[in-house]
Amino acid sequence: MNIDTYKQEAARLRPRLLLIARRYTGSDEEGEDIVQDCLLKIWMMREDLSIPLDALAVTITRNLCIDHLRQQHLTSLPENQITGISDIKDCDEEPIERMMSIVHTLPDMQQTVLRPAI
């Protein structure tokens, strides 16, 4: 795919991709960033691609949105977990005991996964 074809396809796909990204993220700025990342990925693959790019572009955008949401979810802990962890760091307990006290602050299902079967 040559540069002019890429520019035309990018201009044609951009509004649709922005709509998808904004629906996932709920933010215009984050949606713009995700669409830029998608178009960059397509640009880097342009030698191997043929038109139409709709399905590929939508899939890449959706996956980038999901990755973005997962990253946000991992970096934002509820306040009660943050304060519980900082309190535990100040203790002089043994490492295993500290780890188990952190495990006790988790929801029941997560505790079940992390605890060894006795």
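Below, the structure is looked at part by part. Just so it is clear, the structure is predicted and the values come from calculations on it, not from any experiment. (Residues numbered from 1 in each chain as written. Predicted model: local features only at pLDDT ≥ 70, side-chain atom pairs only at ≥ 80, totals over all residues. Heavy atoms only, no water.)

Right, let's talk about the overall build of the protein chain for a bit. When helices and strands are tallied, the protein chain shows 6 helices and 0 strands. Secondary structure of the protein chain in N-to-C order comes out as α-α-α-α-α-α. Considering only contacts within the protein chain whose residues lie at least 6 apart along the sequence, 52% involve residues at least 24 apart. (Helix = DSSP H or I, 4+ residues; strand = E, 2+ residues; numbered from the N terminus. Contact = heavy atoms within 4.5 Å.)

A separate point is the pattern of salt bridges. Evaluated as defined, the whole model comprises 7 salt bridges. For the salt bridge of Arg14 with Glu32, the shortest nitrogen-to-oxygen distance reads 2.9 Å. Taken together, the residues span a long stretch of sequence, with Arg14 in helix 1 (residues 3-25) and Glu32 in helix 2 (residues 28-45) at a distance of 18 residues. According to the relative accessible area criterion, Arg14 is partly exposed, its value standing at 23%. Two residues, Glu47 and Arg46, come together in a salt bridge whose shortest N-O distance is 3.7 Å. Through salt bridges with shared partners, a single ionic network connects Glu9, Arg12, Arg16 and Asp54. (Salt bridge = Lys/Arg side-chain N within 4 Å of Asp/Glu carboxyl O. Buried < 20%, exposed > 50% of the residue type's maximum accessible area, 1.4 Å probe, protein only.)

Residue placement: Ile66 occurs in helix 3 (residues 54-75). The partly exposed category is assigned to Ile66, whose relative accessible area is 24%. Spatially, the C-alpha atoms of Ile66 and Ala21 are 9.6 Å apart, while their sequence positions differ by 45 residues.

Once that is clear, we can look at helix 1. The largest bend along helix 1 reaches roughly 40 degrees and is located at Arg14, with the proline Pro15 sitting one to four residues downstream. Burial in helix 1 covers these residues: Tyr6, Glu9, Ala10, Leu13, Leu17, Leu18, Ile20, Ala21 and Thr25. A side-chain oxygen of the first residue of helix 1 lies 3.2 Å from the backbone nitrogen of Asp4; this N-cap is Asn2. Just beyond helix 1, the residue with positive phi is Gly26, at close to 75 degrees. (Bend = angle between axes of the 7 residues up to and from the residue. Polar contact = N/O pair within 3.5 Å; in protein donor to acceptor, adjacent residues only side chain to side chain.)

Considering the arrangement of structural elements, one finds Thr25 in helix 1. At 2.8 Å, the side chain of Thr25 and the backbone oxygen of Ala21 are in polar contact. From its side chain, Thr25 meets the backbone oxygen of Ser27 in a polar contact 3.2 Å long. Excluding its chain neighbours within four sequence positions, the residues that come into contact with Thr25 are Glu30, Gly31, Ile34, Cys65, His68 and Leu69.

Scope: geometric values only; no functional claims are made or implied.
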